[in-house]
Amino acid sequence: RGIEEELKRLTTLEDADEELFTPIRTMLEILNAFAEERNYERRKKMNNLQLIEKVLYYIDEYIYEELTYERLAEVFGYSSFHFHKIFSSVTELSITEYIRKRRLTMAHKKLCETTETVADICYSVGFNSIQTFNRVFKDTFGMQPLVAREKQAKITYRSVEEIVTGYLKRVA
């Protein structure tokens, strides 16, 4: 049928409203709900990012203290499970891995900038065993701590800003 015939068929404004505009309203409601859901997901990701950014700065500030994901979750008011899930989605590392790498980075910096002994550095950055420290340092940087000191070896290090930028690129 043509448009003219269709308009003649719709004898009242209520008929026109029912047949023409109700489906359009329904479609707009569906599109609006979809847009709201996408905005909610985007806001949730940004909230997660803001939380983890605060956590990363907190870790840097308290790196020399005993830090566990349970303690961090409690400090920031989340369950351990949920906190760990959010943290690893942003950093791509578990909390334990992140803290260990940050401590090793601090140790590397001290090795290259001070004359402190390896043992003193090991304990000052939160390791409880020199053997564990040496093994983990070598696994992470591919060389023993004293070799890193001798060579003044450069390491790659992701700052908090780089972690945040990387997350934003992944979720965009």
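Structural data are supplied above this passage.
Residues numbered from 1 in each chain as written. Predicted model: local features only at pLDDT ≥ 70, side-chain atom pairs only at ≥ 80, totals over all residues. Heavy atoms only, no water.

A. Representation of the overall build of the chain. When its secondary structure is counted, the chain shows 9 helices and 0 strands. Put simply, the chain has 172 residues, and 31% of those count as buried. Nonlocal contacts in the chain, meaning residues at least 24 apart in sequence, comprise 57% of its contacts between residues at least 6 apart. Of the roughly 11600 Å² of accessible surface on the chain, a fraction of 54% belongs to carbon and sulfur atoms. (Helix = DSSP H or I, 4+ residues; strand = E, 2+ residues; numbered from the N terminus. Buried < 20%, exposed > 50% of the residue type's maximum accessible area, 1.4 Å probe, protein only. Contact = heavy atoms within 4.5 Å. Areas by Shrake-Rupley, 256 points an atom, 1.4 Å probe, with all protein chains shown as cover.)

B. Seen up close, the packing of aromatic side chains. One pass over the structure, following the stated rule, counts 9 aromatic pairs. For the pair Tyr58 and Tyr62, a centre-to-centre distance of 4.5 Å together with 40° between the ring planes defines the contact as tilted. The buried category is assigned to Tyr58, whose relative accessible area is 16%. The exposure class of Tyr62 is partly exposed, given its relative accessible area of 26%. Grouped by ring-pair contacts, the aromatic residues Tyr58, Tyr62, Phe76, Tyr78, Phe83, Phe87 and Tyr98 constitute a single cluster. (Phe/Tyr/Trp six-rings, centres within 6.5 Å; stacked < 30°, edge-to-face > 60°.)

C. Focus on unusual backbone geometry. One non-glycine residue, Glu92, adopts positive backbone phi at about 65°. One can find Glu92 in the loop between α4 (80-91) and α5 (95-113).

D. Inspection of α4 at higher detail. Compared with an ideal rise of 1.5 Å per residue, which puts 12 residues at 16 Å, α4 spans 16 Å between its outermost C-alpha atoms and is within 8% of the ideal. Count one or two residues on from α4 and you reach Glu92, which has phi positive near 65°. (Expected span 1.5 Å × (residues − 1).)

E. Spotlight on the environment of Tyr78. Mapped onto the fold, Tyr78 is located in the loop between α3 (69-76) and α4. In this structure Tyr78 touches Leu51, Ala73, Phe83 and Ile86, once residues within four positions along its chain are discounted.

F. Region of interest: the packing of α5 against helix α7 (residues 130-141). Relative to each other, α5 and α7 sit at 95°, their axes nearing to 11 Å. The orientation of α5 relative to α7 falls into the category roughly perpendicular. Here Arg100, Leu104, Thr105, Ala107, His108 and Leu111 of α5 lie close against α7, whose contacting residues are Phe133, Val136, Phe137, Thr140 and Phe141. Classifying every residue of the contact of α5 with α7 by side-chain character gives 7 nonpolar, 3 polar and 1 charged. (Axes fitted to C-alpha atoms, helices over the stretch in contact; angles between N-to-C directions. Parallel < 35°, antiparallel > 145°, perpendicular 65-115°, else oblique. Nonpolar A, V, L, I, M, F, W, Y, C, P; charged D, E, K, R; others polar.)

G. The nonpolar core, seen in detail. By size, the foremost hydrophobic cluster in this structure holds 23 residues, and its most contacted members are Ile52, Val55, Ile59, Leu72, Phe87 and Tyr98. Looking at this core, the elements with two or more residues in it are α2 (13-61), α3, α4, α5 and α9 (160-171). Of the residues forming this core, the biggest block, 7 residues, is contributed by α2. If we ignore the near neighbours within four places in the chain, the residues touching Ile52 are Ile86, Phe87, Val90 and Thr91. Val118, Phe127, Phe137 and Ala148 belong to the second-largest nonpolar core, a separate cluster that totals 16 residues. (Core = buried A, V, L, I, M, F, W, Y, C linked by side-chain atoms within 4.5 Å.)

H. Focus on the pattern of salt bridges. Evaluated as defined, the whole model comprises 3 salt bridges. Of the charged contacts, one joins Glu65 and Arg71 as a salt bridge, the two residues approaching to 3.3 Å between their closest N and O atoms. With a relative accessible area of 37%, Glu65 lands in the partly exposed category. In this structure Arg71 comes out as partly exposed when scored by relative accessible area, which is 26%. (Salt bridge = Lys/Arg side-chain N within 4 Å of Asp/Glu carboxyl O.)

I. Layout of a nonpolar patch on the surface. There is a patch of nonpolar side chains on the surface, built from Ile24, Met27, Leu28, Ile30 and Leu31 and spanning about 500 Å² of accessible area. Within the secondary structure, Ile24 sits in helix α2. (Patch = residues over 30% accessible without salt bridge, like charges linked within 9 Å, V, L, I, M, F, W, Y side chains within 5 Å.)

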